[in-house]
Amino acid sequence: MTGTKYSPRELIDKLISFDTTSHKSNLDLIAFVRNYLTGWGVESLLLPNDDGSKANLYATIGPRKPGGIVLSGHTDVVPVEGQDWSTDPFSVVERDGLLFGRGTCDMKAFLAIALAKVPDLVERSLSTPVHFALTYDEEVGCLGVRPLAEHIKRHLPLPAIVIVGEPTEMTVVNAHKSGHRFITEITGLEGHSSLPDKGVNAIMVAGEMLGEINRIAEEFKSQTDRDPRFDTPYTSVHVGLIEGGTALNIIPLKCTIDWEARGLPGFEASEVVDRMNAYAAEHVVPQMHAISPKTGIVTEHTDEIPALVPQDGSPAETLVMALARQNETFAVSYQTEAGYFQAIDIPTVICGPGSIAQAHKPDEYVSLDQVESCSKFMDRLVAHASS
Ligand SMILES: [Zn+2]
């Protein structure tokens, strides 16, 4: 079987050249990877999104049996609009040992370096399968990995280990926080502002609910069971957006508070929701209902990105530490797709080239040193899979 051979650097150039900003399609990149794999006799499974504008790709090299190592990464990148780039973000420029381009560190270099090893993987007879998992829409809430993980769990032999190649400078990360979105919606009663007692002012009620959110935030901050491995060593709570009212002289009917918690592993979102709803029912809603029973307050947990929970001594941790020549693990403050793989019972760690400090910024880069170090990591992985 002979397909096209590319060096890691050539594949980095190629993958960066596809503008896969999350709000655009990733299908050209997926088609390129699929054709490349087909050239080496490797079949790919595509899982399209609802409107068919994007797809996940999953491919296996080696024996069709449970186990093996998944090399996982998202294909989408964050927008360049409004950022001051000194080069074309979708064309790699090398300067002073650094490769500049959107997605170089987050996280196409990892995918490119892994894919560059496909000829090696195909030419050896692998005892351990190696899988590739490429997803869409990670940057807008880890949307692609959800159906992919579900599909793997239901229909495919379960892999033994997942490596998510987000930038860690090739250190091994075994923990990150969970992310939770909450919406608190207040429904008041409209009226003329000259008659405040005849209405229910949704924005002023929101002030009371914000007070409770602040108390929750303070309590998490003052808890003693901090985890110093995280940059913010406690579960943090933050209000990001508030919307309400129509005009100065109208008692506002609606107010919506859009807020989040970034939880240490073990954080229970339902406890926060229950507490908000109990506070409203006990302290706020009775006065609202005395004016109108149509008023109310509802807090909902509308989205969640699961934490990566550390599993000391897991097969993923042990193998990846050996392959990366590392003897300690780290925790990170950003969220990744890792928790979705852990949720289907696959031990998962994060390890990839480049630094998160360069991600999402203008003039994003990955250093050639990091590319080299990841390439050696992959060579050791290939040797492991064929031993
Ligand atoms: Zn990323």
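Residues numbered from 1 in each chain as written. Predicted model: local features only at pLDDT ≥ 70, side-chain atom pairs only at ≥ 80, totals over all residues. Heavy atoms only, no water.

Peer 1: So what about the pattern of salt bridges? Which residues, and what values?
Peer 2: Following the criterion strictly, the structure yields 16 salt bridges and no others. Residues K24 and D19 are paired through a salt bridge, measuring 2.6 Å at the closest nitrogen-oxygen approach. A residue is classified by how much of its surface remains accessible, and K24, at 34% relative accessible area, is partly exposed. We note a salt bridge from E212 to R215, for which the minimum N-O separation is 2.9 Å. Here E212 pairs with R215, and both are found in helix α6 (residues 202–222), just three residues apart, close to one helical turn. Residue E212 is classed as buried on the basis of its relative accessible area of 5%. For R215, a relative accessible area of 37% puts it in the partly exposed group. (Salt bridge = Lys/Arg side-chain N within 4 Å of Asp/Glu carboxyl O. Buried < 20%, exposed > 50% of the residue type's maximum accessible area, 1.4 Å probe, protein only. Helix = DSSP H or I, 4+ residues; strand = E, 2+ residues; numbered from the N terminus.)

Peer 1: Break down the layout of surface pockets for me, with residues and values.
Peer 2: The calculated volume of the largest pocket comes to roughly 470 Å³. Around the largest pocket, the lining comprises 21 residues; the ones closest to its centre are E139, G141, R262, I305 and Q335. Elements supplying a minimum of two residues to the lining of the largest pocket: β9 (178–187), β13 (254–263) and β14 (296–305). Among the elements that take part in the lining of the largest pocket, β13 stands out by supplying four residues, more than any other. Classifying every residue of the lining of the largest pocket by side-chain character gives six nonpolar, five polar and ten charged. Here the second largest pocket defines a volume of roughly 360 Å³. If you go around the second largest pocket, you meet 18 residues; those closest to its centre are F220, Q223, D225, T235 and F267. Only α6 and α7 (269–291) provide two or more residues apiece to the lining of the second largest pocket. (1 Å grid on protein atoms, 1.4 Å probe; cavity = no way out; pocket = protein on both sides within 12 Å on 5 of 7 lines; lining within 4 Å. Points joined across faces, edges and corners; volume = space filled by probe spheres on them. Nonpolar A, V, L, I, M, F, W, Y, C, P; charged D, E, K, R; others polar.)

Function cannot be inferred from these measures alone, as they are strictly geometric.
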